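Examination of the molecular architecture
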Amino acid sequence: MAQQEIPLEWRKTVCAILASDDERLIWWEPTGRKRYDAIPGCDWTYEAHEAFRNYLSLPNPTGCHKVMDEPPGETYDFFFQFKGRKFYGKILLRTDRKRIVIFSAHLPEWEKLSCEMEDDKGKRK
Amino acid sequence: MKTKEEIFEVSIPTVEGDAIAYKVPVKIQLEWDDEIKQWLIGPEANKLIEDTKARHLGLLLPAQFKELRERYGFSQKEMGELFQVGEKSWTRWETGKHRPSRSSNLPIRALYDGEISINYLLKQAGKPPMKTAEPTVESVETHLHNWLQTVLGSCHLTVDMVYPENTVKPVLMESKAETDENEFHLQLAKLAFEEHGMTGVQEAEAMPKPSQRFIIAAPTHVYKQPRLCTQPTEA
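Summary of the structure given here. Nothing here was measured: the structure is a model prediction, and the numbers come from that model. (Residues numbered from 1 in each chain as written. Chains lettered and ligands numbered in written order. Predicted model: local features only at pLDDT ≥ 70, side-chain atom pairs only at ≥ 80, totals over all residues. Heavy atoms only, no water.)

**Description of the sheet that holds strand β5 (residues 85-93) of chain A**
Residues and elements named next belong to chain A. Selection criterion: The pairing criterion is simple: DSSP has to find at least two bridges between the two strands. Strands are runs of DSSP state E lasting at least 2 residues, helices are runs of H or I lasting at least 4, and numbering of each runs from the N terminus. In this description, contact between two residues means that some pair of their heavy atoms is separated by no more than 4.5 Å. The axes are straight lines fitted to the C-alpha atoms, using for helices just the contacting stretch, and the angles between their N-to-C directions are given from 0 to 180°.
With respect to topology, six strands assemble into an open sheet ordered β1-β3-β4-β5-β6-β2, the strand pairing being mixed. The open sheet has two edge strands with one neighbour each: β1 (4-5) and β2 (26-28). Alignment of strand β3 (residues 62-66) against strand β4 (residues 74-82), held across three bridges, turns out to be antiparallel. By the bridge assignment, Lys-66 is partnered in β4 with Thr-75. With respect to the sheet, helix α2 (residues 30-37) is in contact with β2, β4 and β6 (100-106), its orientation differing from that of β2 by roughly 85°. Contacts between helix α3 (residues 45-56) and the sheet are confined to β2, β3, β4, β5 and β6, with β4 contributing the most and set at about 100° to the helix.

**Topic: the pattern of salt bridges**
If the charged atoms of two oppositely charged side chains come close together, the side chains can form a pair. As a reminder of what qualifies: In what follows, salt bridge is the name for a side-chain nitrogen of Lys or Arg lying within 4 Å of a carboxyl oxygen of Asp or Glu. Only protein chains enter the accessibility calculation, which uses a 1.4 Å probe; a residue whose area is less than 20% of its type maximum is buried, one above 50% is exposed, and one in between is partly exposed.
The full count for this structure, using the stated rule, is 24 salt bridges over all chains. Of the charged contacts in the structure, one is a salt bridge between Arg-11 of chain A and Glu-5 of chain A, with a shortest N-O distance of 3.3 Å. Glu-5 of chain A gets classed as partly exposed once you look at its relative accessible area, which sits at 39%. Salt bridges linked by common partners bring Arg-33, Asp-37 and Asp-43 of chain A together with Glu-50 and Lys-53 of chain B together as one network.

**Points about the packing of helix α1 (residues 8-19) of chain A against α3 of chain A**
Residue and element names in this part refer to chain A. This is how the line gets drawn: Should an angle lie under 35 degrees it is considered roughly parallel, over 145 roughly antiparallel, and from 65 to 115 roughly perpendicular; all remaining angles are considered oblique. Two helices crossing with the near one rotated counterclockwise from the far one by less than a right angle form a left-handed crossing, whereas a clockwise rotation gives a right-handed crossing. Under the convention adopted here, Pro, Cys and the residues Ala, Val, Leu, Ile, Met, Phe, Trp and Tyr are nonpolar, Asp, Glu, Lys and Arg are charged, and Gly plus all remaining residues are polar.
Between α1 and α3, the shortest axis-to-axis distance is 10 Å and the interhelical angle comes to 150°. In terms of orientation, α1 and α3 fall into the roughly antiparallel class. Where α1 crosses over α3, the handedness of that crossing is left-handed. Between α1 and α3, the residues in contact are Trp-10, Arg-11, Val-14, Cys-15, Leu-18 and Ala-19 and His-49, Phe-52, Arg-53 and Leu-56, respectively. By residue class, the composition of the contact of α1 with α3 is seven nonpolar, one polar and two charged.

**Remarks on the pairing of strand β2 (residues 20-33) of chain B**
Note on strand geometry: in a regular strand, side chains alternate between the two faces of the sheet. Residue and element names in this part refer to chain B. Across 11 bridges, the pairing between strand β1 (residues 3-13) and β2 is antiparallel. If you follow Phe-8 over to β2, its bridge partner there is Val-26. Between β1 and β2, which pair antiparallel in sequence order, lie six residues; one of them, Gly-17, sits at a positive phi of approximately 80°. When β2 meets strand β3 (residues 38-40), the two strands line up antiparallel, connected through three bridges. Across the sheet, residue Asp-33 finds its bridge partner in β3, namely Gln-38. Taking the residues between adjacent antiparallel strands as the criterion, β2 and β3 are bridged by four residues, where Lys-37 takes a positive phi near 55°.

Rendered as structure tokens:
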């Protein structure tokens, strides 16, 4: 499946949380946080939050909807620009739609997002 | 809420910012989230990580920004004007919402460390000079306490100006520090005390006479170096 436009409602809610300056609403998955910290230039998490907001506020940002049994909530992954570099991001909007968990904000390991790779696998079959 | 401790290796960048110079292990607390079945890093752990990085980069911590402003009785707007960074930036640094760049931090750190005078900065900003008040015992003690708390900040070192009965000799209280870094800070504080003949916990016979009063003072600048100066005076 190709990337799809990330739904406006998800984006608006996530951007509002990122812009809220309320740290209690934004949590990080430890491995993702470590990977972010290990990249030169990734010193402060608020910079990642701002970059997320910038991307998700674009007119038609695209990404992949991550379908998982756990965690509950709605997760999208996408590529975004961070200090002039292409980064991979993955954010979970929790079921209460008031808090988010950032799973990833780091240099991409793959050229394509997960849903695009699934698509390639399908074509090969 | 279920928690567990984990070591987080905080990456400290080079001056150029294009590589990692070294890593500092910090013990952080992860919180278990029952809904999503994951250990997560919350705001407190994140603050500890970022404060560690800021300290190693030589950046002032949020509490130090506030302390510096309060030292001169300025508003956030006035501090923003003094350093030509704007009120918004100053407020963000003071609240920890943002961190200053190394270049922005430089003159602020210099003022904090007493390397440049407030009147020099006021002159550069086209403002009249300040009259500097003579420090009082209370203000010096408060500054010293704040200094220890902010410099040693995240190590949870408890420093208290305790004057046991019949003496006014201060005692360095226990530390809850456990990591190497915290142990280093504790040793720093102990050294400062010992340099002036005061150990962490005073022996009874080593106590000064009841009539003798010790004042913790900082003759030049209390913030300038990790050194406590004591001087006996008559009570």
